[in-house]
Amino acid sequence: MKHSTGILFVLAASFLLVLAACEKDSPSVAVTTPSNGTPTIESSEGTPGGTGNTVEYGPTSPVVPFTDMAAGVLGDGAQLWNFLPGVAIFDYDRDGDMDVYFTQMGGEPNLLYRNDGDMVFLEVGTQAGVTLMDRYSTGVVACDVDNDGFHDLYVGAAGNPEDDLDYRSPSETQGNKDALLRNNGDGTFTDVTDTAFGDGVNVRSASTIACADVDND
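Residues numbered from 1 in each chain as written. Predicted model: local features only at pLDDT ≥ 70, side-chain atom pairs only at ≥ 80, totals over all residues. Heavy atoms only, no water.

### Some details on the state of the cysteines
Part 1 of the argument: Taken as a whole and judged by the stated rule, the model has 1 disulfide.
Part 2 of the argument: Two residues share a disulfide in this structure: C143 and C211, whose sulfurs sit 1.8 Å from each other. Of the two residues, C143 is situated in strand 8 (residues 137-143) and C211 in the segment after helix 5 (193-197); the sequence distance between them amounts to 68 residues.
Part 3 of the argument: On the accessibility criterion, C211 (37% relative accessible area) is partly exposed. (Disulfide = S-S within 2.5 Å. Helix = DSSP H or I, 4+ residues; strand = E, 2+ residues; numbered from the N terminus. Buried < 20%, exposed > 50% of the residue type's maximum accessible area, 1.4 Å probe, protein only.)

Given below as structure tokens:
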């Protein structure tokens, strides 16, 4: 019990030191929510060249709040069937705007939404060859693995969450292998998992994926 108390004390002391440093070097900021429900933020320094400015965030504020447009823009894609969903935002067709890829559980297609501009998104997963319906897809990362200028997709997979076997789910019968999808540069992808990894492909255990040039080659 004494050990736990000591840890809490050290953490509290560290927090106070950080807080003190922030107060020393940074302007004070106060956030209030009046009775009208519109929050305001008041800073001791305010904007550059000013002091004590208060910014109100509301319909007339110059600060534009976020608006949830998923249902209207994505339609059915706004709701996913997955215990461990993944998302990648990348310009797969190099047309200058960001496209969106969502993963789903086995039996449901992964979704690729092509951004056609003006907040118009078209689901093209089947045409692009990225649905992976036989996989229990989880995390995903967009990464140009072959340095051809087009982002490829690495899609992780886990065991079937409904068979109570979790990571012991048989990969051969349930398609729980990770997938590497190479971007062909023409709006389509090719599954090159077996060619790239052979017997070393990861199975049943992926959740979050990262891509990096760790050896600087």
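Next, the rest of the story.
### Topic: the packing of aromatic side chains
One pair of aromatic rings is described through two measures. These are the centre distance and the angle between the planes.
Part 1 of the argument: For the structure shown, the criterion picks out 4 aromatic pairs.
Part 2 of the argument: Both rings, one in F90 and one in Y92, keep their centres 6.3 Å apart while their planes meet at 55°; by these two values the pair is tilted. An identical accessibility class is assigned to F90 and Y92; each is buried.
Part 3 of the argument: Between Y154 and F197, the ring centres sit 6.0 Å apart and the planes meet at 90°, which makes this aromatic pair edge-to-face. Highlighted residues: Y154 in strand 9 (residues 152-157) and F197 in helix 5, separated in sequence by 43 residues.
Part 4 of the argument: F197 gets classed as partly exposed once you look at its relative accessible area, which sits at 35%.
Part 5 of the argument: An aromatic cluster of at least three residues, connected via ring pairs, comprises F90, Y92 and F189.
Part 6 of the argument: Positioned above the aromatic ring of F150, the side-chain terminus of R94 is 5.1 Å from the ring centre. (Phe/Tyr/Trp six-rings, centres within 6.5 Å; stacked < 30°, edge-to-face > 60°. Lys NZ or Arg CZ within 6 Å of the ring centre and 35° of its normal.)

### Focus on the sheet that holds strand 8
Part 1 of the argument: With antiparallel pairing, the 4 strands of this open sheet are ordered in space as 8-9-10-11. The strands lining the two open edges of the sheet, one partner per strand, are strand 8 and strand 11 (189-191). Averaged over all pairs of adjacent strands, the angle between strand axes in this sheet comes to 20°, irrespective of strand direction.
Part 2 of the argument: In terms of strand pairing, strand 9 meets strand 10 (residues 179-183) through 3 bridges, oriented antiparallel. When the bridges of strand 10 are listed, L153 appears paired with L181. (Pairing = 2+ DSSP bridges. Axes fitted to C-alpha atoms, helices over the stretch in contact; angles between N-to-C directions.)

### Quick look at unusual backbone geometry
Part 1 of the argument: One non-glycine residue, M119, adopts positive backbone phi at about 60°.
Part 2 of the argument: Residue class for M119 comes out partly exposed when judged on its relative accessible area of 47%.
Part 3 of the argument: One non-glycine residue, N216, adopts positive backbone phi at about 55°.
Part 4 of the argument: Looking at the element boundaries, N216 is found in the segment after helix 5.
Part 5 of the argument: Relative accessible area serves as the criterion here: at 69%, N216 is assigned to the exposed category.

### Here we look at the pairing of strand 4 (residues 87-90)
Part 1 of the argument: Side chains A88 and F90 of strand 4 all project onto a buried face; the interleaved residues V87 and I89 project onto a face where none is buried.
Part 2 of the argument: Of the strand pairs in this sheet, strand 4 and strand 5 (residues 99-102) are connected by 4 bridges, and their pairing is antiparallel. From the neighbouring strand, F90 faces strand 5, where its bridge partner is D99.

### Quick word on the nonpolar core
Part 1 of the argument: Of all hydrophobic cores here, the largest spans 15 residues; its most connected members are F90, Y101, L112, V130, L153, L181 and F189.
Part 2 of the argument: Counting residues per element, the ones that place at least two in this core are strand 4, strand 9 and strand 10.
Part 3 of the argument: Setting aside residues up to four positions removed in sequence, L181 forms contacts with Y101, V130, L132, D152, L153, V155, F189, T190 and D191.
Part 4 of the argument: If you look at the next biggest cluster of nonpolar residues, it comprises 7 residues, including L74, F102, L111 and F121. (Core = buried A, V, L, I, M, F, W, Y, C linked by side-chain atoms within 4.5 Å. Contact = heavy atoms within 4.5 Å.)

### Quick look at the pattern of salt bridges
Part 1 of the argument: Counted according to the given criterion, the structure contains 4 salt bridges.
Part 2 of the argument: Between R114 and D116 there is a salt bridge; the shortest N-O distance is 2.8 Å.
Part 3 of the argument: Of the residues examined, R114 reaches a relative accessible area of 25% and is grouped as partly exposed.
Part 4 of the argument: Between D134 and R135 there is a salt bridge; the shortest N-O distance is 3.5 Å.
Part 5 of the argument: By relative accessible area, which is 9% here, R135 ends up buried.
Part 6 of the argument: Where salt bridges share partners, they join D134, R135 and D191 into one cluster. (Salt bridge = Lys/Arg side-chain N within 4 Å of Asp/Glu carboxyl O.)

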